[in-house]
Amino acid sequence: MPIIVNLDVMLVKRNMKSKELAEIIGITTANMSILKSGKARAVRFSTLEAICKALDCQPADILEYIEE
């Protein structure tokens, strides 16, 4: 898939665990795992907004397009 999820990179940069982020934004750790692994088929804008707010970043810091 040409969309790469760099959520794990941002978590390391912010020194935050995925479980902590999941609690902050109000999703399950299972759904956080799906997002981190890039296996999610969709991401709600409200979830993306909450992630960006919690990590103090932009959507482009989390999502990247790489042509196959």
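Just so you know, these numbers come straight off a predicted model, no measurement behind them.

### Examining a nonpolar patch on the surface
Line of reasoning, step 1. Taken together, Ile3, Leu63 and Tyr65 make up a surface patch of nonpolar side chains, about 290 Å² in accessible area.
Line of reasoning, step 2. Its relative accessible area of 55% is what places Tyr65 among the exposed residues.

### Things to note about the environment of Thr28
Line of reasoning, step 1. For Thr28, the position within the fold is in the loop between helix H2 (18-25) and helix H3 (29-37).
Line of reasoning, step 2. Among the residues examined, Thr28 registers a relative accessible area of 44% and is labelled partly exposed.
Line of reasoning, step 3. A sequence separation of 17 residues divides Thr28 from Leu11, and the C-alpha atoms of the two residues are 16 Å apart.
Line of reasoning, step 4. Looking at Thr28, its side chain comes within polar contact range of the main-chain nitrogen of Asn31, at 3.0 Å.

### Structural notes on the nonpolar core
Line of reasoning, step 1. Core analysis: the largest hydrophobic core is formed by 15 residues, its most contacted members being Leu7, Leu21, Ile51, Leu55 and Ile62.
Line of reasoning, step 2. Of the residues forming this core, the biggest block, four residues, is contributed by helix H4 (residues 45-55).
Line of reasoning, step 3. Sequence-distant contacts of Leu7, that is, excluding residues within four places in its chain, are made with Leu21, Met32, Leu35, Lys36, Ile51, Leu55 and Ile62.

### Some remarks on the confidence of the model for the protein
Line of reasoning, step 1. With 99% of its residues at a pLDDT of 70 or more, the protein shows a mean pLDDT of 94.
Line of reasoning, step 2. In the model of the protein, strand S1 (residues 3-5) stands out as the element of lowest mean pLDDT, 92, in contrast to H4, which has the highest, 97.

### Thoughts on H4
Line of reasoning, step 1. Here H4 has its buried residues at Thr47, Leu48, Ile51, Cys52 and Leu55. Considered in projection along H4, the buried side chains sweep an arc of 135 degrees and stay on one side of the axis. For H4, exposure combined with an orientation more than 90 degrees from the buried face picks out Phe45, Glu49 and Lys53.
Line of reasoning, step 2. The inward-facing, buried residues of H4 abut helix H1 (7-13), H2, H3, helix H5 (59-62) and strand S2 (63-65).

### What about the packing of H2 against H4?
Line of reasoning, step 1. Where H2 contacts H4, the axes come no closer than 10 Å and their chain directions differ by 120 degrees. Considering their axes alone, H2 and H4 lie oblique with respect to each other. Between H2 and H4 the crossing geometry is right-handed. For the pair formed by H2 and H4, the contact residues are Leu21, Ile24 and Ile25 on the first element and Thr47, Ala50, Ile51, Ala54 and Leu55 on the second.
Line of reasoning, step 2. Its residues assigned to classes, the contact of H2 with H4 comprises seven nonpolar, one polar and no charged.

Thresholds, definitions, all that
Residues numbered from 1 in each chain as written. Predicted model: local features only at pLDDT ≥ 70, side-chain atom pairs only at ≥ 80, totals over all residues. Heavy atoms only, no water. Patch = residues over 30% accessible without salt bridge, like charges linked within 9 Å, V, L, I, M, F, W, Y side chains within 5 Å. Areas by Shrake-Rupley, 256 points an atom, 1.4 Å probe, with all protein chains shown as cover. Salt bridge = Lys/Arg side-chain N within 4 Å of Asp/Glu carboxyl O. Buried < 20%, exposed > 50% of the residue type's maximum accessible area, 1.4 Å probe, protein only. Helix = DSSP H or I, 4+ residues; strand = E, 2+ residues; numbered from the N terminus. Polar contact = N/O pair within 3.5 Å; in protein donor to acceptor, adjacent residues only side chain to side chain. Core = buried A, V, L, I, M, F, W, Y, C linked by side-chain atoms within 4.5 Å. Contact = heavy atoms within 4.5 Å. pLDDT = per-residue confidence, 0-100. Arc of directions from axis to C-beta. Axes fitted to C-alpha atoms, helices over the stretch in contact; angles between N-to-C directions. Parallel < 35°, antiparallel > 145°, perpendicular 65-115°, else oblique. Left-handed = near helix turned anticlockwise from the far one by under 90°. Nonpolar A, V, L, I, M, F, W, Y, C, P; charged D, E, K, R; others polar.

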